[in-house]
Amino acid sequence: MNDKNPFPADAGINTRLAHAGNDPREFHGFVNPPVVHASTVLFPNAATMEKRAQKYTYGTRGTPTTDALCVAIDELEGSAGTILVPSGLAAVTVPFLAFLAAGDHALIVDSVYFPTRHFCDTMLKRLGVSVDYYDPMIGAGIEALIRPNTKLVHTEAPGSNTFEMQDIRAISEVAHRHGAVVTMDNTWATPVYFKPLAHGVDISIHASTKYPSGHSDILMGTVSANAQHWEQLKEANITLGICGAPDDAYQILRGLRTMGVRLERHQESALKIAQWLEQREDVARVLHPALPSFPGHELWKRDFTGASGIFSFVLKGGSPERHKAKAHAFLDALAIFGLGYSWGGFESLAVHVGLGDRKICKAPAEGPVLRLQIGLEDVADIRADVERGLEAASKV
Ligand SMILES: *Cc1c(COP(=O)(O)O)cnc(C)c1O
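Below or above, wherever it landed, is the structure these notes cover. (Residues numbered from 1 in each chain as written. Predicted model: local features only at pLDDT ≥ 70, side-chain atom pairs only at ≥ 80, totals over all residues. Heavy atoms only, no water.)

**Some thoughts on the sheet that holds strand β7 (residues 221-225)**
Consider a sheet: its strands pair through backbone hydrogen bonds, and that pairing is either parallel or antiparallel. The seven strands are arranged β1-β7-β6-β5-β4-β2-β3 in an open sheet whose pairing can be described as mixed. Single-partner strands in this sheet number two, and they are β1 (81-85) and β3 (130-134). The average undirected angle you get between the axes of adjacent strands in this sheet is 20 degrees. Taken together, the five bridges between β1 and β7 define a ladder with antiparallel strand orientation. Paired with Ile83 across the bridge in β7 is Val223. The strands touched by helix α4 (residues 88-99) are β1, β2 (105-109), β4 (150-156), β5 (181-185), β6 (203-207) and β7; relative to β6, the strand with the most contacts, the crossing angle is about 155 degrees. The sheet strands contacting helix α5 (residues 114-126) are β2, β3 and β4, and the helix crosses β3 at an angle near 155 degrees. (Pairing = 2+ DSSP bridges. Helix = DSSP H or I, 4+ residues; strand = E, 2+ residues; numbered from the N terminus. Axes fitted to C-alpha atoms, helices over the stretch in contact; angles between N-to-C directions. Contact = heavy atoms within 4.5 Å.)

Here's what the structure looks like:
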């Protein structure tokens, strides 16, 4: 990277993760971008101020720090533009507010992240938008659910907690034929393992809180649009005044530098644990798209280039009234896994999944669903910890 040589256009994903975003030559050669804290930006004279005729005009509209992250995400997503918002949930609600109006209808996948459903069932409903939930495996069959006023189809693959896959290309084709915008929550795969815009999606959504942050300490969301939808998304971002903070943007860009190698380790360890669980007598099913036994595995294999480190398994639960006690016994016996929400950080986490919100993808009947985020610890230690949990659950 010197003044003479352009960055190779065919660079691989880890090369891009290492260099995308800021250009060190633009700030005295320092490798990382400056953290610019800003509301006011000064103009050199009244005419420039009147026309806002300079690159930066006000803190809510971007700084060199937030730009560095947005440029990096655009490069990874292949998008025309990216906005930063203060959480992954805001990365869902802001585009919904950008593309929906009173009288519109939206189709939302039933295996959706629960707070997305909550937003749809409360605030969107109050604003006059009607919502229907659809089966993640519906594919082109989604056509039967499209109404004349359907303006948005929201996808998330794999689904939250139960990891159902979706035929993103088939759904996008139908939605576009009917003039609806397609959004996708791509948090699980990250742009390293799936590129939504290359599969027909218009708006790619990420909780960068997860793998891009990687350290369980930063909240941030990104929303990336194709050229056709970028202006409307950017306009909504500015109208709502919901923007990402510079320190957080800096940390997310820092996280991207190592995200590729972290994901490789998450993927490898998670698959080892998933395969091991699948062999056990006390486990009914393992919900992991990279396992050939998983319904939707073929879609994953066709479209995704890898799997991240979070999946669930269904414990053989005995009678339904014992499911919760078994799940709690499992969780309380763990020594390495933390009990906590969110994922994508360096440490292993476990949670008993509640699926009471589902309308179509109902909870498995065989027993409690336990979700594991497999961290960067030694896999032998992780496996021993899960074994401790299973041992305790077997005594309930
Ligand atoms: C965690 C998560 C979010 C929300 O991210 P926050 O930063 O915690 O608000 C959105 N979508 C999915 C799929 C998630 O897992």
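Past the structure itself, the notes keep going.
**Considering the side chain of His206**
With respect to the helices and strands, His206 occurs in strand β6. Classification of His206 as buried rests on a relative accessible area of 6%. Side-chain polar atoms of His206 contact the backbone oxygen of Asn186, separated by 3.4 Å. (Buried < 20%, exposed > 50% of the residue type's maximum accessible area, 1.4 Å probe, protein only. Polar contact = N/O pair within 3.5 Å; in protein donor to acceptor, adjacent residues only side chain to side chain.)

**Some remarks on the site of the ligand**
In the region of the ligand, 13 residues are neighbours, and Gly88, Leu89, Asp185, Thr209 and Lys210 sit closest. At 2.7 Å from an oxygen atom of the ligand is found a main-chain nitrogen or oxygen belonging to Gly88. Interatomic distance of 2.9 Å between a backbone N/O atom of Leu89 and an oxygen atom of the ligand. In the complex, 89% of the free accessible area of the ligand, which totals 380 Å², lies under the protein chains. Class assignment for the residues of the shell around the ligand results in five nonpolar, five polar and three charged. (Near = heavy atom within 4 Å. Areas by Shrake-Rupley, 256 points an atom, 1.4 Å probe, with all protein chains shown as cover. Nonpolar A, V, L, I, M, F, W, Y, C, P; charged D, E, K, R; others polar.)

**Concerning the packing of α4 against helix α8 (residues 227-240)**
Between two packed helices, what matters for the description is the angle formed by their axes and the separation of those axes. Here α4 crosses α8 at 110 degrees, and the two axes come no closer than 9 Å. Looking at the two axes, α4 sits roughly perpendicular to α8. Between α4, through Val94, Pro95, Leu97, Ala98 and Phe99, and α8, the contact on the second element is made entirely by His229, Gln232, Leu233, Ala236 and Leu240. Considering only residue class, the contact of α4 with α8 consists of eight nonpolar, two polar and no charged. (Parallel < 35°, antiparallel > 145°, perpendicular 65-115°, else oblique.)

**Considerations on helix α12 (residues 379-394)**
For α12, with 16 residues, the first-to-last C-alpha span of 22 Å sits near the 22 Å given by 1.5 Å per residue. For α12, the set of buried residues is Val379, Ile382, Asp385, Val386, Gly389, Leu390 and Ala393. Taken down its axis, α12 places every buried residue within 140 degrees of arc, on the same side. Contacts made by the buried residues of α12 are with α9 (246-278), β8 (283-287), β9 (310-315), α11 (323-332) and β12 (369-373). (Expected span 1.5 Å × (residues − 1). Arc of directions from axis to C-beta.)

**Here we look at the pairing of β7**
Of all the five residues making up β7, five are buried; the element is thus mostly covered by neighbouring parts of the structure. Side chains of β7 alternate between two faces, with Gly221, Val223 and Ala225 and Thr222 and Ser224 buried alike. Across five bridges, the pairing between β6 and β7 is antiparallel. Bridged to Ala207 within β7 is Gly221.

**Notes on the pattern of salt bridges**
Tallied over the entire structure, the rule returns 18 salt bridges. Note that Arg16 is salt-bridged to Glu75, the shortest N-O span being 2.4 Å. Pair noted here: Arg16 is in helix α1 (residues 13-19) and Glu75 is in helix α3 (residues 64-77), with a separation of 59 residues, a long-range link. What makes Arg16 buried here is its relative accessible area of 16%. In this structure, Arg280 and Asp282 form a salt bridge, with 3.0 Å as the shortest nitrogen-oxygen distance. Judged by relative accessible area, which is 22%, Arg280 ranks as partly exposed. One salt-bridge network, held together by shared partners, links Asp110, Arg117 and Asp357. (Salt bridge = Lys/Arg side-chain N within 4 Å of Asp/Glu carboxyl O.)

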